Amino acid sequence: MSTVAEQFSAATKANFEANLALFTDFTNKAFAGVEKLIDLNLNAAKASLEDSNATTQKLFAAKDPQEFFSLSAALAQPNTEKAIAYGRHFASIASSTQAELAKAAEAQVAETKRKVIEFVDQASKSVPPGAEGAVAFVKSAIGSANAGYEQFAKSTKQAVETLETNVNNAVDQLSQAATKSVARTTAKK
C-alpha cells in the first residue's frame, strides 16, 4: 500500500498532465476559431472589394442623377444582406468556439472532480484515528468547490446564450430596418 504522500504526488502529477492537456486543447480550439474568423474576414474583404469595383462601375455608367440614385438604392439591399449574413456567420463561429471550449472544460472538471474524490477516499482509508473530522472537512470543501464551479458554469452558459440571443435579435432588427428602408426608397421612384 502506498503512502498518502505518494498518492498525493501521483495525483498532483496526473492533475498537472490533465491541465496541460486541457491548455493544449483550449489553445487548439481557440486557434481554430481565430482561423475561421480570419478566413471569414478575408473573404468578406475580398468580396467587398469586388463589389465596390462593380458598384463604382455601375454608378459611373449612370446617364443622369435619377438613374444614379436608383442604382444606389438598389445596391444598398444586397450590401445590407451581406452585412447581416456576415454578422450571423461571425456569431455562429464565436458561439461554436465557445461551446467547444466549454465542453472541453466541463469534461476536464468532471474528470478532475472524479480523481480528487477518488484520492480523498483512498487517503481517508489510511488516516490515523481521530482525523475523521479533517477528512470530513476536506470532503465538505470539495463539495462546496464543486457546487461553486457548477453555478459558475451555469451562469457563464446563460450569459453566452443571452449574448447570442441579443446578437441574433440585433441582426434581425437590422435586417427588418434595411428591408423597410429599401422598400420606401423603391416606392418613392
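Model, not experiment: these values are computed from the prediction.

### Quick look at the side chain of Thr97
Here is step 1: Its location among the elements puts Thr97 in helix 2 (residues 65-125).
Here is step 2: In this structure Thr97 comes out as buried when scored by relative accessible area, which is 13%.
Here is step 3: When sequence neighbours within four positions are dropped, the list of residues in contact with Thr97 reads Lys29 and Gly33.

### Remarks on the environment of Thr162
Here is step 1: Inspection of the secondary structure puts Thr162 in helix 3 (residues 132-188).
Here is step 2: Separated by 125 residues in the primary sequence, Thr162 and Leu37 place their C-alpha atoms 21 Å from one another.

### Focus on the packing of aromatic side chains
Here is step 1: Per the stated rule, a full pass over the model turns up two aromatic pairs.
Here is step 2: Seen in terms of ring centroids, Phe68 and Phe69 are 5.5 Å apart; in terms of plane orientation they differ by 85°. Their pairing is edge-to-face.

### So, the pattern of salt bridges
Here is step 1: The tally for this structure, following the rule as stated, stands at five salt bridges.
Here is step 2: Close ionic contact of Lys29 with Asp25 constitutes a salt bridge, the shortest N to O distance being 3.4 Å. Linking Lys29 with Asp25, this pair stays in helix 1 (residues 4-60), spanning four residues, or about one helical turn.
Here is step 3: A relative accessible area of 21% places Lys29 in the partly exposed class.
Here is step 4: For Lys82, the salt bridge identified is with Asp51, shortest N-O distance 2.3 Å. With Lys82 in helix 2 and Asp51 in helix 1, this residue pair connects regions lying 31 residues apart in the sequence.
Here is step 5: Take Lys82: its relative accessible area is 42%, and that puts it in the partly exposed class.
Here is step 6: The class of Asp51 is partly exposed, set by a relative accessible area of 24%.
Here is step 7: Among the ionic contacts, a cluster of salt bridges with common partners joins Glu111, Arg114 and Glu118.

Each value, and the rule that gives it
Residues numbered from 1 in each chain as written. Predicted model: local features only at pLDDT ≥ 70, side-chain atom pairs only at ≥ 80, totals over all residues. Heavy atoms only, no water. Helix = DSSP H or I, 4+ residues; strand = E, 2+ residues; numbered from the N terminus. Buried < 20%, exposed > 50% of the residue type's maximum accessible area, 1.4 Å probe, protein only. Contact = heavy atoms within 4.5 Å. Phe/Tyr/Trp six-rings, centres within 6.5 Å; stacked < 30°, edge-to-face > 60°. Salt bridge = Lys/Arg side-chain N within 4 Å of Asp/Glu carboxyl O.

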